[in-house]
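# Secondary and tertiary structure notes
Chain by chain, the residues:
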Amino acid sequence: MTEQGAQANSSAEHLPVLLEESVKALAIKPDGIYLDGTFGRGGHSKAILQQLGPDGRLLAVDKDPEAIRTAQVQFGDDGRFEIVRGSFTMLEQEVKQRGWTGKVNGILLDLGVSSPQLDDADRGFSFRADGPLDMRMDPESGISAADWLAEASDSDIAVVLKEYGEERYAKRIARAIVESRVQDGPILTTGRLAKVVTDANPRWEKNKDPATRSFQGIRIYINRELADLDDVLAQVLNILTPGGRLAVISFHSLEDRRVKQFMRREARGGEFPPDLPVTQAQFKPNIRLVGKAVRAGEAELAVNPRARSAVLRIAERMQ
Ligand SMILES: C[S@@+](CC[C@H](N)C(=O)[O-])C[C@H]1O[C@@H](n2cnc3c(N)ncnc32)[C@H](O)[C@@H]1O
């Protein structure tokens, strides 16, 4: 999600985005096997469980220990449900361990961070509320944003701000971060980083906090968000059963582009030289695109501004 969109919703709860549309996209079979790769606060998982019968299964994953605690409280007594802490890049492995390879009926990925992660200043994601500069979805693994910024070169920081934050003034902001570190010591709080970035940003976009892009870039880098997405997309075909569905909700163009390109590539099937006569059957597409990209309607946007940047794409595994 965009940081700004998420922070516009100041409540501590997480309103699931495109809930009806994404659960419908999974075309749930009551006795099917489903994966929720981004449990968050369980909004989507809850809706999936409501449609599953006693023989259905839902395996959920999240990097965030708070999400795991929520899952245990909410669904710990439900024998159809299981939660595993870690990245959704381990889905194929988890599925294999359960003997579910090629048998899964649906995978849901609702990418990015949750509102509670953004709203809790102590998690260090927010440019609005001051807190320790952390930004890790799993605070017990990898390095914090503060530790990374304390060591990284201005050119490395600029690459992250440009590639992952799509920040036009990446070089200038990166230089300001390093200068601040040299003058006043390591940047340890979100408030100080937000000020350094804001002061260095020469042109503020309308309706967008000047720190939005830089915070997004650093967060994506710290959590390996795009690398994880590429990894899990590469597993999907091995996991799903024919007719099984993949539904992915993205919150910015970097994610959505990857999802769109993956789905289009696999829906096109094999690559052949352009002058080779090939029948439709020889192309053997791996998936079928289900409808067009779905965006939130007015009613959802009225109650959840975070949904503004959400895009849902759906695909179905072919034989
Ligand atoms: C937008 S929220 C999901 C909200 C959820 N659908 C709900 O209804 O509450 C994204 C969640 O996915 C988790 N997450 C993001 N990337 C992840 C990854 N690569 N592996 C596991 N969890 C991830 C985050 O920690 C966060 O809790």
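Residues numbered from 1 in each chain as written. Predicted model: local features only at pLDDT ≥ 70, side-chain atom pairs only at ≥ 80, totals over all residues. Heavy atoms only, no water.

### Structural notes on the packing of aromatic side chains
Summed over all chains, the structure comprises five aromatic pairs. With a centroid separation of 6.1 Å and an interplanar angle of 85°, the aromatic rings of Phe39 and Phe75 are classed as edge-to-face. Pair noted here: Phe39 is in the loop between strand S1 (33-36) and helix H3 (43-51) and Phe75 is in helix H4 (residues 65-75), with a separation of 36 residues, a long-range link. Here Phe39 and Phe75 have matching classes, each one buried. Relative to Tyr221, the ring of Trp148 has its centre 4.6 Å away and its plane inclined at 40°; by these criteria the two rings are tilted. Taken as a pair, Trp148 in helix H7 (residues 145-151) and Tyr221 in helix H11 (residues 212-222) lie far apart in primary sequence, 73 residues in all. (Phe/Tyr/Trp six-rings, centres within 6.5 Å; stacked < 30°, edge-to-face > 60°. Helix = DSSP H or I, 4+ residues; strand = E, 2+ residues; numbered from the N terminus. Buried < 20%, exposed > 50% of the residue type's maximum accessible area, 1.4 Å probe, protein only.)

### Comments concerning the side chain of Lys63
Topologically, Lys63 is positioned in the loop between strand S2 (57-62) and H4. Engagement of the side chain of Lys63 in a polar contact is seen with the backbone oxygen of Asn223, the distance being 2.9 Å. Beyond its immediate chain neighbours, meaning those up to four positions away, Lys63 contacts Arg85, Gly86, Ser87, Met137, Asp138, Asn223 and Asp228. (Polar contact = N/O pair within 3.5 Å; in protein donor to acceptor, adjacent residues only side chain to side chain. Contact = heavy atoms within 4.5 Å.)

### Here we look at the domain arrangement of the chain
Each domain of the chain was delimited in the assignment, giving domain 1 (3-115 + 226-317) and domain 2 (138-219). Relative placement of domain 1 and domain 2: their C-alpha centres are 30 Å apart. Listed by partner, the interface residues are twelve residues for domain 1 and 13 residues for domain 2. Here domain 1 is connected to domain 2 by three salt bridges. Where Arg257 meets Glu166, a salt bridge forms, and the shortest distance between an N and an O atom there is 3.7 Å. Counting across the domain 1 and domain 2 interface gives three residue pairs in polar contact (both at pLDDT 80 or more). (Domains from an automatic or database assignment. Salt bridge = Lys/Arg side-chain N within 4 Å of Asp/Glu carboxyl O.)

### Observations regarding the nonpolar core
Within the largest apolar cluster, 33 residues are counted, with the highest numbers of intra-cluster contacts made by Ile157, Ile177, Leu193 and Ile218. Elements with a minimum of two residues in this core: H7, helix H8 (154-165), helix H9 (170-184), helix H10 (190-200) and H11. Beyond its immediate chain neighbours, meaning those up to four positions away, Ile218 contacts Met135, Ala145, Trp148, Leu149, Val160, Leu161 and Leu193. Listed in part, the 30 residues of the second largest apolar core include Ile28, Leu49, Ala71 and Phe75. (Core = buried A, V, L, I, M, F, W, Y, C linked by side-chain atoms within 4.5 Å.)

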